[in-house]
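Structure at a glance
If you want the building blocks of each chain, they are given just below.
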Amino acid sequence: MKTSTLSPPAPSGTNGPFSDIKPSVYLPDPSLAFHPYIPERLGYVQLLRLLNPALARLLIETKPYSLVNARNRTTLYREGRGTLRRGVAGDFIEIGVHKGGTAAMLASLIKDDDERQLHLFDRWGDLPEPTEEDGFRRDEYRKDRIADKLARLRDDPPQERARHLIEDVLGFPRDRLHYYPGWYSETFEDYPGTPIAFASIDCDYYESVRDALEFVDRFASPGATIVADDYGSWPGARTAIEEWISRTDREVRLYPLRTGPAVLRLSSQPKGRSTK
């Protein structure tokens, strides 16, 4: 079975950034939530108040700190919780934090787990220059075209917002919280090398996502999960993910969601030996 209703639309044209990438095998996963099919305009969070009041409160609390919609924050939360239930060893990390809304979803899951640390990577205050692999986003996000956005990042440092939400509002223990401000190519080298159980990757650009996946690949535990927020919205992110899947020695299951992210499940078996 090579396609499912979860498969993203095939890119149009033959000369785009996807032209040299072999399509992955997309499989439906019955453990994935059905919440991506409930439109927010129909009152998703209000409905969730009846089903899971604690999660609904967390979504409301993190909304001012995130550009990620409530359904995708719920995906992150559910996948992180599933990682804990499966007993995957290691820490939680996020690469691309901004004001901390999605990082707070992860922090809430491991707040009371003394064995797990939370590692947060972001440039905070600047953005990279897009490349050809970023497709139509390259012109849209050229640094000379987003001067106002960059000025807002400098004038209102998002890292301080993240600190306030995670440390003061959620009360996450500071001795288990680690910030890595700077370009990823430099800060990944500061990571202590502990196993990674769960990774949230939300850094848009081809080179950033490429480097993030290579970094996670070095330390990911067998059975780890990656949620890549920009798979369906940034051509460069999707290209980097597809390239990595074809390159890594790990067996990876890719589950794209209609709301944009993709869930990547890493098998405990090497590529070619997985039975699932």
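Scroll up for the structure.
Residues numbered from 1 in each chain as written. Predicted model: local features only at pLDDT ≥ 70, side-chain atom pairs only at ≥ 80, totals over all residues. Heavy atoms only, no water.

1. Structural notes on the overall build of the chain
For the chain, the helix and strand inventory stands at 10 helices and seven strands. The proportion of buried residues among the 276 residues of the chain is 54%. Pairs at least 24 residues apart make up 73% of the contacts formed inside the chain by residues separated by at least 6 positions. When the accessible surface of the chain is totalled, it reaches about 13,700 Å², and 49% of it is carbon and sulfur. (Helix = DSSP H or I, 4+ residues; strand = E, 2+ residues; numbered from the N terminus. Buried < 20%, exposed > 50% of the residue type's maximum accessible area, 1.4 Å probe, protein only. Contact = heavy atoms within 4.5 Å. Areas by Shrake-Rupley, 256 points an atom, 1.4 Å probe, with all protein chains shown as cover.)

2. Overview of the packing of helix H1 (residues 44-51) against helix H2 (residues 53-62)
H2 packs onto H1 with a crossing angle of 145° between their chain directions and a minimal axis gap of 6 Å. In this structure, H1 contributes Tyr44, Val45, Leu48, Arg49 and Leu51 to the contact, and H2 contributes Pro53, Leu55, Ala56, Leu59 and Ile60. (Axes fitted to C-alpha atoms, helices over the stretch in contact; angles between N-to-C directions.)

3. Concerning the nonpolar core
Ranked by internal contacts, the top residues of the largest apolar core, which has 40 residues, are Ile95, Ile201, Phe215, Val216, Ile226, Ile241 and Leu264. For this core, the secondary structure elements donating two or more residues are strand S1 (91-95), helix H6 (147-155), strand S4 (196-201), helix H9 (206-219), strand S5 (220-228), helix H10 (235-247), strand S6 (250-256) and strand S7 (262-270). For this core, the element with the most residues is H9, which contributes seven residues. Judged by nonpolar contacts, the second largest core, of 37 residues, contains Ala56, Leu58, Ala70 and Leu165. (Core = buried A, V, L, I, M, F, W, Y, C linked by side-chain atoms within 4.5 Å.)

4. Examining the side chain of serine 208
Relative to the elements of secondary structure, serine 208 occurs in helix H9. Take serine 208: its relative accessible area is 10%, and that puts it in the buried class. Contacts of serine 208, omitting those with residues within four sequence positions, involve Pro128, Tyr184 and Cys203.

5. A closer look at the pattern of salt bridges
Tallied over the entire structure, the rule returns 12 salt bridges. Residues glutamate 79 and arginine 265 are paired through a salt bridge, measuring 3.0 Å at the closest nitrogen-oxygen approach. Linking glutamate 79 in helix H3 (residues 70-85) with arginine 265 in strand S7, this pair joins segments that are 186 residues apart in sequence. Grouping residues by exposure puts glutamate 79 and arginine 265 together as buried. In this structure, glutamate 167 engages arginine 174 in a salt bridge whose closest nitrogen and oxygen atoms are separated by 3.0 Å. Taking relative accessible area as the criterion, glutamate 167 reaches 13% and is therefore assigned buried. Owing to a relative accessible area of 57%, arginine 174 belongs among the exposed residues under this scheme. (Salt bridge = Lys/Arg side-chain N within 4 Å of Asp/Glu carboxyl O.)

No statement about biological role is implied by the geometric values presented.
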